[in-house]
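# Structural overview for review
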Amino acid sequence: MNTKRSQVLFERAKRCIPGGVNSPVRAFKAVGGNPLFIKSAKGAFLYDEDDNRYIDLINSWGPMILGHGNEMIEAAVKEAILDSLSFGAPSKREVEMGELIVEMVPSIDKVRMVNSGTEATMSAIRLARGCTGKDKFIKFEGCYHGHGDSFLIAAGSGAVTMGTPDSPGVTPGTAKDTLLAPFNDIEAVKNLFDQNKGQIAAIILEPVVGNMGCVLPLEGFLEGLRTLCDQNDALLIFDEVMTGFRLASGGAQERFGVIPDLTTLGKIIGGGMPVGAYGGKAEIMDFVSPQGPVYQAGTLSGNPVAMAAGLAMLRHLYANPTVYDQLENTSRMIAKGIESNIKKLGLDYQVTQIGSMLSLFFTNQKVIDFESAKTSDTGKFGKYFNNMLNRGVYLAPSQFETLFISTAITSEIAEQVIEANFESLKSL
Ligand SMILES: *Cc1c(COP(=O)(O)O)cnc(C)c1O
């Protein structure tokens, strides 16, 4: 495979951008090799600067759930652009977006738009602290909630891959208010509440984790957290930046029937544009300024072009629930295919899948938390990643990331993925 143009661009990029990338997860540090520079994408495929074609199993880390170059979304953006790129004043699409989110997401009565998932989670924690009057919160080892200081503690994916789970620059003062528990360990959460009586504002979690690879909640875990929050006057925050509009049109909360107090959204909500949001019960959201005292703002929040893209995306997903059946079928087919390859080759690796999220862990242990995820052989994963890339399949360049399936992945393309997986595992 000729990737000369990407190599040249990477050399230039390294001179003007730290590490040559604008987000660490795009680097190929954990898998060996250099990142590819993508020129265009259409449907299920990415095309790099050297015109190599790849089946895309990341889909921009989630947003492109309908595949690339969706005409409906692009038409909405083109139309919006004609009316100016930004107003800095309220506009109609923000109201339409708010109404649609309230309609789609079970826990949300009121919602505030922001520009990224990171902003959404930072704001949600400030709000939780502001309205409960408590300082501490619980997060789970390996869950990622964006790069806000208080979340960069055992933070999964990018941070794990880089070997710096605790970033320099996060002060001990900040870190002391972030309490950690293993995912799926309800007893550990109970103990934290006992040891920090009256001090815990909230629990935040990915209801299905994507940022240590795809890890599912065990039966009763989400319900258990709901109960503990109720007993301790703490808020339950579902970080659905990844799972929102993905596991169902109402996210993981709809799929599992557990209703959080606050929800953070991102990725799919912008249809490919930089958008995030946080929302929840009206009496909590009314603490947000200018209604209430908890300050949060954004010059470009609710940007008309971003809203146009997001609205087109969400309207489509809401009007076409069969999208989720299709995604589940394709993803299950790929997961089953990989499982059968593993068996055929006499290997003992783990496959996890729910909706359009799936992971192959290079470990023989059942993966239920960060400890078990970390038993994966990341060296093997690196080789597997490059084998897949050479066969034209673009995976997330880290063991600790979920894959994202789009509706553009037909069963024919899924077959090609399964075949590439067989050959890539065989030649490890
Ligand atoms: C991606 C992600 C974020 C951060 O979103 P950005 O838009 O990258 O800031 C937060 N939480 C979860 C669960 C995510 O997957």
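Residues numbered from 1 in each chain as written. Predicted model: local features only at pLDDT ≥ 70, side-chain atom pairs only at ≥ 80, totals over all residues. Heavy atoms only, no water.

What follows covers the overall build of the chain. Helices and strands together make up the secondary structure of the chain, namely 15 helices and 14 strands. Against the compact-globule benchmark of 22 Å for 428 residues, the chain has a radius of gyration of 21 Å, which places it among compact chains. For the chain, the C-alpha atoms occupy an extent of roughly 55 × 55 × 45 Å along the three principal directions. Within the span of the chain, comprising 428 residues, buried residues form 57% of the whole. Considering only contacts within the chain whose residues lie at least 6 apart along the sequence, 72% involve residues at least 24 apart. When the accessible surface of the chain is split by element, carbon and sulfur atoms take 51% of a total near 17700 Å². Side-chain charges of the chain comprise 39 positive and 47 negative groups, with the mean position of each set lying 5 Å from the other. (Helix = DSSP H or I, 4+ residues; strand = E, 2+ residues; numbered from the N terminus. Rg over C-alpha atoms; globule rule 2.2 N^0.38 Å. Buried < 20%, exposed > 50% of the residue type's maximum accessible area, 1.4 Å probe, protein only. Contact = heavy atoms within 4.5 Å. Areas by Shrake-Rupley, 256 points an atom, 1.4 Å probe, with all protein chains shown as cover. Lys, Arg positive; Asp, Glu negative; His and termini not counted. Charge placed at Lys NZ, Arg CZ, Asp CG, Glu CD.)

Once that is clear, we can look at the nonpolar core. If you look at the biggest cluster of nonpolar residues, it comprises 46 residues, and the most contacted ones within it are Leu57, Leu360 and Ile409. Lining this core are residues from two domains, each supplying at least three of them: domain 1 (4–69 + 321–426) and domain 2 (71–319). (Core = buried A, V, L, I, M, F, W, Y, C linked by side-chain atoms within 4.5 Å. Domains from an automatic or database assignment.)

For the coordinates displayed, the defined rule picks out two cavities of 30 Å³ or more. Considering only enclosed or pocket space, the largest cavity measures out at about 130 Å³ in volume. Around the largest cavity sit 16 residues that line it, and Ser359, Leu360, Tyr384, Leu395 and Leu403 are the ones nearest its centre. Going through the elements one at a time, α12 (322–344), β12 (357–361) and α14 (378–390) are the ones with two or more residues in the lining of the largest cavity. (1 Å grid on protein atoms, 1.4 Å probe; cavity = no way out; pocket = protein on both sides within 12 Å on 5 of 7 lines; lining within 4 Å. Points joined across faces, edges and corners; volume = space filled by probe spheres on them.)

Examined at the domain level, the chain breaks down into domain 1 (4–69 + 321–426) and domain 2 (71–319). Taken over C-alpha atoms, the centre of domain 1 sits 25 Å from the centre of domain 2. Each partner contributes to the interface: domain 1 provides 37 residues, whereas domain 2 provides 41 residues. Across the interface of domain 1 and domain 2, roughly 3100 Å² is buried in total on both sides, 68% from carbon and sulfur atoms. Three residues, Tyr324, Ile354 and Phe370, lead the burial of domain 1 against domain 2; their summed loss comes to 22% of the area buried on that side. Taken together, domain 1 and domain 2 are joined by one salt bridge. Across the pair Arg255 and Glu328 runs a salt bridge whose closest N-O atoms are separated by 2.9 Å. (Buried area = accessible area lost by both parts, 1.4 Å probe. Salt bridge = Lys/Arg side-chain N within 4 Å of Asp/Glu carboxyl O.)

Our focus in this paragraph is the state of the cysteines. Counting across every chain of the model gives zero disulfides. Here Cys143 stays unpaired: no disulfide links it, and the sulfur of Cys214, its closest cysteine neighbor, is 12 Å away. No disulfide involves Cys229; its sulfur sits 12 Å from the nearest other cysteine sulfur, which is in Cys131. The exposure class assigned to Cys229 is buried, which follows from its relative accessible area of 1%. (Disulfide = S-S within 2.5 Å.)

It is worth spelling out the layout of surface pockets at this point. Estimated volume of the second largest pocket: approximately 470 Å³. Taken together, 24 residues form the lining of the second largest pocket, with Pro90, Glu94, Arg112, Ser301 and Gly302 sitting closest to its centre. Contributions of two or more residues to the lining of the second largest pocket are made by α3 (92–104) and β4 (110–114). Here the element with the most residues in the lining of the second largest pocket is α3; it accounts for four residues. Of the residues contributing to the lining of the second largest pocket, the split by class is ten nonpolar, eleven polar and three charged. (Nonpolar A, V, L, I, M, F, W, Y, C, P; charged D, E, K, R; others polar.)

Turning our eyes to something else, we now look at α3. An α-helical turn contains 3.6 residues, so a residue and the one three or four places further along point in the same direction. Between its first and last C-alpha atoms α3 spans 19 Å; for 13 residues at 1.5 Å apiece the expected length is 18 Å, and the two agree. Listed in full, the buried residues belonging to α3 are Arg93, Met97, Gly98, Leu100, Ile101 and Met104. Looking at the buried side of α3, the elements it contacts are α2 (71–81), β4, α9 (251–256), β9 (262–265) and α11 (304–319). (Expected span 1.5 Å × (residues − 1).)

So, on to the pairing of strand β5 (residues 136–140). Of all five residues in β5, five are buried; the element is thus mostly enclosed. Of the two faces of β5, the one lined by Lys136, Ile138 and Phe140 and the one lined by Phe137 and Lys139 are each fully buried. Where β5 meets strand β7 (residues 200–205), three bridges bridge the pair, whose relative direction is parallel. Residue pairing across strands places Phe137 opposite Ala202, the latter belonging to β7. Note that β5 and strand β6 (residues 178–181) share four bridges and pair parallel. The residue bridging Phe140 from the neighbouring strand is Ala181, located in β6. (Pairing = 2+ DSSP bridges.)

Close contact between α12 and helix α15 (residues 411–426) brings their axes to 9 Å; oriented N to C, the two are set at 25 degrees. Looking at the two axes, α12 sits roughly parallel to α15. Handedness of the crossing formed by α12 with α15: right-handed. Residues Thr330, Met333, Ile334, Gly337, Ile338, Asn341, Ile342 and Lys344 of α12 form the contact with α15, whose participating residues are Ser411, Ala414, Glu415, Val417, Ile418, Asn421, Phe422 and Leu425. By residue class, the composition of the contact of α12 with α15 is nine nonpolar, five polar and two charged. (Axes fitted to C-alpha atoms, helices over the stretch in contact; angles between N-to-C directions. Parallel < 35°, antiparallel > 145°, perpendicular 65-115°, else oblique. Left-handed = near helix turned anticlockwise from the far one by under 90°.)

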